[in-house]
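Structural features, examined
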Amino acid sequence: MKIASWNINGIKARIEAATTWIKAAAPDIACLQEIKCVDEAFPREMFEELGYNVAVHGQKGFNGVALLSKLPFDEVRPRLAGDPDDVQARYLEAEISVPSGALRLINIYLPNGNPFGTEKFVYKLAWMTRLKERVKTLLANEENLVVAGDFNVIPAPEDVYNPNVWMDDALFRPETRAHFQALLNLGLTDAFRACHDEPHRYTFWDYQAGAFQKNQGLRIDHLLLSPQAADRLQACEIDAAPRSWEKPSDHVPITAELAL
DNA sequence: ATGTCGATACTTTATCGA
């Protein structure tokens with residue numbers, strides 16, 4: 001099964017790019033982030049016509065996540081536990097029956113957290129702590145678990161073109177990386193790093209300053225796997241092509257092939 | 001040094017968030 005994650009930066013602005021890529025790549029499951037629309041405005045029928053079941057957790061203007069799956073959802077659960085006052089649409093969890101058993105899927109748009117030293121950074125770290133708690137609970141089930149999405153975390157210096165410039169950025173702060181490492185330490189595998197050890201492989205390039213042309217990017221979109229899912233990992237690839245299309249998202253899709 | 005894009009609103013330009 002092919003599982004993809006892609007921050008599309010606005011579904012309304014990305015309808016053509018999204019359908020073109022989904023048709024060509026034909027993932028079994030796609031996790032979309034930053035749909036930037038309410039549930040009712042998501043072009044559900046468009047993806048249903050391509051053979052997908054659709055689950056949406058959106059909000060007006062910002063954030064928002066959606067799941068596309070060729071197999072039906074057994075359960076869909078929006079919102080990350082741990083803070084009932086958190087109204088930002090950044091988390092969508094689903095259970096899907098696969099040939100090898102159950103697949104638990106978490107689709108996240110982790111808070112950006114900039115600028116460092118503000119409430120936004122505090123919210124980011126608190127959100128990461130809440131995510132760790134939820135993952136810890138799910139890992140106890142010893143099932144296939146995939147945590148996919150835009151983590152807004154640069155895990156290591158080799159995942160950014162110029163680490164020195166990013167030292168005080170919320171995506172690369174030591175506190176952020178420590179929280180990400182704590183998540184991995186629960187027993188998750190970074191699928192891309194399990195398949196590739198070359199540095200400077202990116203999933204995001206800023207729109208500004210010709211960042212893509214200069215290959216000044218970041219690796220911030222990740223697929224993290226439970227031990228059971230990691231055992232079934234066959235490949236993980238970043239598809240940078242859509243970044244050079246017309247009207248691109250600033251992120252590109254990352255996909256993993258799992259023998260589920 | 002600057003450079004972009006998407007969505008929103010007391011809209012047609014400014015603001016926010018990224």
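Below, the structure is looked at part by part. What you are looking at is a predicted structure, and each value in this text was computed from that prediction instead of being measured.

Another aspect to go through is the overall build of chain A. When helices and strands are counted, chain A shows six helices and 14 strands. Taking 2.2 N^0.38 as the reference for a compact globule, 260 residues should give roughly 18 Å; the C-alpha atoms of chain A span a radius of gyration of 17 Å, in line with that estimate. Within chain A, residue pairs in contact and separated by at least 24 positions form 68% of the contacts whose partners lie at least 6 positions apart. For chain A, the exposed surface amounts to about 11000 Å²; the carbon and sulfur share of it is 50%. Between the mean site of the 27 positive side-chain charges and the mean site of the 36 negative ones, chain A shows a separation of 3 Å.

In this structure, Ile-3, Ile-29, Leu-67, Leu-105, Val-146 and Leu-223 are the most contacted members of the largest nonpolar core, which totals 33 residues. The contact partners of Leu-105, leaving out residues within four places of it in the chain, are Ile-3, Ile-29, Cys-31, Leu-67, Leu-92, Glu-93, Ala-94, Ile-96 and Val-146. Leu-131, Val-135, Leu-139 and Leu-183 belong to the second largest nonpolar core, which has 24 residues in total.

By secondary structure assignment, the location of Arg-243 is in the loop between β13 (233-238) and β14 (254-258). No salt bridge is formed by the buried Arg-243, whose closest oppositely charged neighbour, Asp-250, lies at an N-O distance of 6.5 Å. At 2.8 Å, the side chain of Arg-243 forms a polar contact with the backbone oxygen of Trp-205. Those residues in contact with Arg-243 that sit more than four places away from it in its chain are Trp-205, Asp-206, Tyr-207, Phe-212, Pro-248, Ser-249, Asp-250 and Val-252.

Summarising the element assignment, Arg-44 is placed in helix α2 (residues 44-48). In sequence terms Arg-44 and Ala-66 are 22 residues apart; their C-alpha atoms lie 9.7 Å from each other. Residues contacting Arg-44, with those up to four places away along its chain left out, are Val-54 and Val-56. Among the polar contacts made by the side chain of Arg-44, one reaches the main-chain carbonyl oxygen of Val-54 at a distance of 3.1 Å.

With that out of the way, let us pick up the pairing of strand β1 (residues 2-7). Among the six residues that make up β1, five are buried, leaving the element largely enclosed by the rest of the structure. Strand direction decides the pairing type here: β1 and β14, joined by four bridges, are antiparallel. Within β14, the residue paired with Ile-3 across the bridge is Ala-256. Pairing geometry for β1 and strand β2 (residues 29-33), over five bridges, is parallel. Each residue of the ladder has a partner; that of Ala-4, found in β2, is Ala-30. Following the backbone out of β1, through helix α1 (residues 15-25) and into the adjacent parallel β2, one traces a crossover that is right-handed.

Further remarks concern the pairing of strand β4 (residues 65-69). Taken residue by residue, a regular strand's side chains alternate between the two faces of the sheet. Burial within β4 is extensive, with five of its five residues counted as buried. Every second residue of β4 is oriented toward a common face, with Val-65, Leu-67 and Ser-69 on one face and Ala-66 and Leu-68 on the other, all of them buried. Alignment of β2 against β4, held across five bridges, turns out to be antiparallel. Looking at β4, one finds that Leu-32 is bridged to Ala-66. Inspection of the sheet shows strand β3 (residues 53-57) paired to β4 by five bridges, in the antiparallel sense. Its bridge partner being in β4, Val-54 is matched across the sheet by Leu-68.

Another aspect to go through is the packing of aromatic side chains. A ring pair, where both rings are aromatic, is described by two values, the distance of the centres and the angle of the planes. Evaluated as defined, the whole model comprises eight aromatic pairs. Arranged with centres 5.6 Å apart and planes meeting at 25 degrees, the rings of Phe-42 and Phe-47 form a pair that is stacked. Under the relative-accessibility criterion, Phe-42 is labelled buried at 3%. Taking 4.9 Å as the distance between ring centres and 80 degrees as the angle between the ring planes, the aromatic pair formed by Trp-205 and Phe-212 counts as edge-to-face. The exposure class assigned to Trp-205 is buried, which follows from its relative accessible area of 3%. Among the aromatic residues, those joined into a ring-pair cluster are Tyr-202, Trp-205 and Phe-212. The ring of Phe-116 is capped by Arg-173, whose NZ or CZ atom sits 3.8 Å from the centre of that ring.

Okay, the packing of helix α3 (residues 119-139) against helix α4 (residues 174-185) next. Two numbers describe how α3 lies on α4: the axes approach to 10 Å, and their chain directions differ by 5 degrees. When the axes of α3 and α4 are compared, the pair comes out roughly parallel. Every residue of α4 that contacts α3 at Phe-121, Lys-124, Leu-125, Met-128, Thr-129, Leu-131, Lys-132 and Val-135 is listed here: Glu-175, Thr-176, His-179, Phe-180, Ala-182 and Leu-183. In terms of residue class, the contact of α3 with α4 is built from eight nonpolar, three polar and three charged.

Rules of the game
- Per chain, the residues get numbers from 1 upward, laid out in the order the sequence is written.
- Both sets of labels track the order of writing: A upward for chains, 1 upward for ligands.
- Totals for whole chains, interfaces and linings use all residues, but because this is a predicted model, local features are given only for residues with pLDDT of at least 70 and pairs of side-chain atoms are given and counted only at 80 or more.
- Only heavy atoms go into the side-chain values, all of them from the structure, while hydrogens and water stay out.
- Put simply, DSSP H or I for four residues or longer makes a helix, DSSP E for two residues or longer makes a strand, and each gets a number counted from the N terminus.
- The globule rule used here is 2.2 Å times the number of residues to the 0.38 power, and the radius of gyration it is set against is calculated over C-alpha atoms.
- Throughout, a contact is declared for two residues whenever any of their heavy atoms are within 4.5 Å.
- Each accessible area value is a Shrake-Rupley result obtained with a 1.4 Å probe; residue values ignore everything except the protein chains displayed when judging cover.
- Charged residues are defined here as Lys and Arg on the positive side and Asp and Glu on the negative side; His and the ends of the chain fall outside this count.
- Lysine's charge is taken at NZ, arginine's at CZ, aspartate's at CG and glutamate's at CD.
- As used in this record, nonpolar core signifies buried Ala, Val, Leu, Ile, Met, Phe, Trp, Tyr and Cys residues forming a set joined through side-chain atoms within 4.5 Å.
- Per-residue accessibility, obtained with a 1.4 Å probe over protein chains only, is compared with the maximum for each type, and a residue is labelled buried under 20%, exposed over 50%, and partly exposed between these values.
- In what follows, salt bridge is the name for a side-chain nitrogen of Lys or Arg lying within 4 Å of a carboxyl oxygen of Asp or Glu.
- Polar contacts here mean pairs of N or O atoms no more than 3.5 Å apart (in protein, one a potential hydrogen donor and the other a potential acceptor; neighbouring residues in sequence count only if both atoms are side-chain atoms).
- By this definition, two strands are paired if DSSP reports at least two bridges between them.
- Looking down the strands as they point away from the viewer, one classifies a crossover as right-handed if the path from the first strand across the helix to the second runs clockwise.
- The pairing test for Phe, Tyr and Trp rings, Trp by its six-membered ring, is centres within 6.5 Å, and the orientation test on the planes gives stacked under 30 degrees, edge-to-face over 60, and tilted for anything in between.
- Two limits define a charge over a ring: the Lys NZ or Arg CZ must be within 6 Å of the ring centre, and within 35 degrees of the ring normal.
- Axis lines are fitted to C-alpha atoms, over the contacting stretch for helices. Their N-to-C directions set the angle, which ranges from 0 to 180 degrees.
- Oblique is the label for any angle not covered by the other classes, which are roughly parallel (under 35 degrees), roughly antiparallel (over 145) and roughly perpendicular (65 to 115).
- Amino acid classes used here: Ala, Val, Leu, Ile, Met, Phe, Trp, Tyr, Cys and Pro are nonpolar; Asp, Glu, Lys and Arg are charged; the rest, including Gly, are polar.

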